[in-house]
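Breakdown of the fold
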Amino acid sequence: MYDRLQSVENRYEELNELLSDPDVVSDPKRLRDLSKEQSSISQTVETYRDYKEVTDQIAETKELLNEKLDDDMREMAKEELNELQENKTHLEEKLKLLLVPKDPNDDKNVIMEIRGAAGGDEAALFAGDLFRMYSRYAESRGWKAEIMDANPTGIGGYKEVIVMINGDGAFSRLKYENGAHRVQRVPETESGGRIHTSTATVAILPEAEDVEIDIQDKDIRTDTFASTGAGGQSVNTTMSAVRLTHIPTGIVVSMQDERSQIKNKEKAMKVLRARIYDKFEREAREEYDANRKSAVGTGDRSERIRTYNFPQNRVTDHRIGLTIQKLDQVMEGKIDEIIDALIVEDQTSKLEHLNDAE
């Protein structure tokens, strides 16, 4: 572990020199990439330096204890040594977590797709509830949530809603929301008062930049058609809706939220790029998971990850066995307690894998 940490510190010093090189400063892309790399390892380097300093202090204190000291000085030195050793243990654990391989998508924005699944109108209503929950969560973290496209129902729900969430670390926290979400409650449309079970699915896609995935124009078929949804006065009068088909993968994206065909195409390209990137990511992850099964998992969207039980005010995340009696707060966007627990479980699993590899 310490050889790896020393290599990280050496790279940090190398980056310091590169970032003051005139050739790098004059190249905006390289400057941005190197600055991002330096920022990503700065906490590890800072913690490693703290660790080395504490280790030196321990050695000095032990040497002091070998000298002739009066009782008071010896007792003070022993207390200081105990504190230093506790600090060293804490820093070792922190360094292990910092060495856990970081998901390269963690700093990216998110394209979130929420769809009503089993349960008809009630599933669509629940999809709407999830959309509002995530919108409030995004607001609480200072992120910006923008509807890209939506297929609302007449009773306040959504058959499908696609949202772009822009903000620092959005993917690092929302990636655990991938999967099937189950709701148990008495539907507003049910007069008999019986509890129904419905589901909605959530897909979390990292926004892909142009440089990360090369999409050739010849591989995309573009079709235009008259908008049939929320298009205001332009519904069925202009060919503003756009359908993009990526021929090599068969991925199709339709967008009709805007009245402008150009804006719809821009939004559709963002979603298409994210879906293609996600497809390649999932294929690579499936190959990796064939050798090692992740304890939390963020890839299988058919997996039932969470149940929202309204009569009992209960939320249960099935992946980690977490149950909290705060459904009312969760639906208001207060989901950090759940996400924090998932992150801890994921880090613990990766740390165990790292230790096994060593």
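Each chain has its residues counted from 1, running along the sequence as written. Reporting of local features is limited, given that this is a predicted model, to residues whose pLDDT is at least 70; pairs of side-chain atoms are given and counted only at 80 or more, and all residues count toward the totals for whole chains, interfaces and linings. Side-chain measures here rest on the full set of heavy atoms in the structure, leaving out hydrogens and waters.

**Regarding the pairing of strand β9 (residues 304-309)**
Only protein chains enter the area calculation, which uses a 1.4 Å probe; residues under 20% of their type maximum are buried, those over 50% are exposed, and those in between are partly exposed. Secondary structure counts use DSSP, requiring at least four H or I residues in a row for a helix and at least two E residues in a row for a strand, with both numbered from the N terminus. Counting buried positions along β9 gives 5 out of 6 residues, so the element sits mostly inside the fold. Of the strand pairs in this sheet, β9 and strand β10 (residues 314-317) are connected by 4 bridges, and their pairing is antiparallel. Counted as the bridge partner of T307 is T316 from β10. Here, strands pair whenever DSSP counts at least two bridges between them. What sits between β9 and β10 in their antiparallel hairpin is a turn of 4 residues, with N313 showing a positive phi close to 50°.

**Things to note about helix α3 (residues 28-65)**
Between its first and last C-alpha, α3 extends 54 Å over 38 residues, near the 56 Å set by a 1.5 Å rise per residue. When the local axis directions of α3 are compared, the greatest deviation, roughly 40°, occurs at I41. For α3, every residue scored as buried is listed here: L34, Q38, I41, T44, V45, T47, Y48, Y51, V54, I58, T61 and L65. We call two residues in contact when some of their heavy atoms are within 4.5 Å. Tucked inside the fold, the buried residues of α3 contact α1 (2-18), α2 (22-25) and α4 (71-98). Any helix carries an expected span of 1.5 Å times its number of residues minus one. At any given residue, the bend is defined as the angle formed between two axes, one fitted to the seven residues that end at that position and one fitted to the seven that begin there.

**A closer look at the layout of surface pockets**
Throughout, the protein atoms alone are placed on a 1 Å grid, and a set of points is a cavity if a 1.4 Å probe fits but cannot get out or a pocket if it is open with protein on both sides within 12 Å along at least five of seven lines; lining residues have an atom within 4 Å of a point. Grid points are joined across faces, edges and corners, and a volume is the space filled by probe spheres set on the points. Here the largest pocket is characterised by a volume of approximately 1,300 Å³. Residue lining of the largest pocket: 36 residues in total, with S40, K102, D103, D106 and D107 positioned closest to the centre. If you list the elements that add at least two residues to the lining of the largest pocket, you get α3, α4, α6 (170-174) and α9 (336-357). Taken together, the residues that form the lining of the largest pocket break down as 12 nonpolar, 8 polar and 16 charged. The two domains that each donate at least three residues to the lining of the largest pocket are domain 1 (1-98) and domain 2 (108-208 + 293-355). Charged means Asp, Glu, Lys or Arg here, nonpolar means Ala, Val, Leu, Ile, Met, Phe, Trp, Tyr, Cys or Pro, and polar covers whatever is left, Gly included. Each domain's limits were defined by an automated method or a database of domain assignments.

**Examining the packing of α1 against α3**
Every axis in this analysis is a line fitted to C-alpha atoms, fitted for helices over the stretch in contact. Angles between the N-to-C directions lie between 0 and 180 degrees. It is at 8 Å that the axes of α1 and α3 come closest, and there the two elements cross at 135°. In terms of orientation, α1 lies oblique with respect to α3. Handedness of the crossing formed by α1 with α3: left-handed. In this structure, α1 uses Y2, L5, Q6, V8, E9, R11, Y12, E13, L15, N16 and L18 to contact α3, whose residues at the interface are R30, L34, E37, Q38, I41, S42, T44, V45, Y48, R49, Y51 and K52. Angle categories are assigned with fixed cut-offs, so that under 35 degrees is roughly parallel, over 145 is roughly antiparallel, 65 to 115 is roughly perpendicular, and the rest are oblique. In this scheme, a crossing is called left-handed if the near helix is turned counterclockwise away from the far one by less than a right angle; it is called right-handed if the turn is clockwise.

**Some details on the sheet that holds strand β1 (residues 110-116)**
If you walk across this open sheet you meet the 8 strands as β2-β3-β1-β5-β4-β9-β10-β11, and the pairing is mixed. Edge positions in the sheet fall to β2 (144-152) and β11 (322-324), since each has one partner strand and no second. Neighbour-to-neighbour, the strand axes of this sheet turn through a mean angle of 15°, independent of strand direction.

**Topic: the pattern of salt bridges**
A pairing counts as a salt bridge when a side-chain nitrogen of Lys or Arg comes within 4 Å of a carboxyl oxygen of Asp or Glu. Summed over all chains, the structure comprises 26 salt bridges. A salt bridge links R49 to E13, with the nearest nitrogen and oxygen atoms 2.4 Å apart. In this pair, R49 sits in helix α3 while E13 sits in helix α1, placing the two residues 36 residues apart along the sequence. The exposure class of E13 is partly exposed, given its relative accessible area of 36%. A salt bridge links K267 to E146, with the shortest nitrogen-to-oxygen separation between them at 4.0 Å. Placement of K267 in helix α7 (residues 261-289) and of E146 in strand β2 is noted, with a sequence separation of 121 residues between them.

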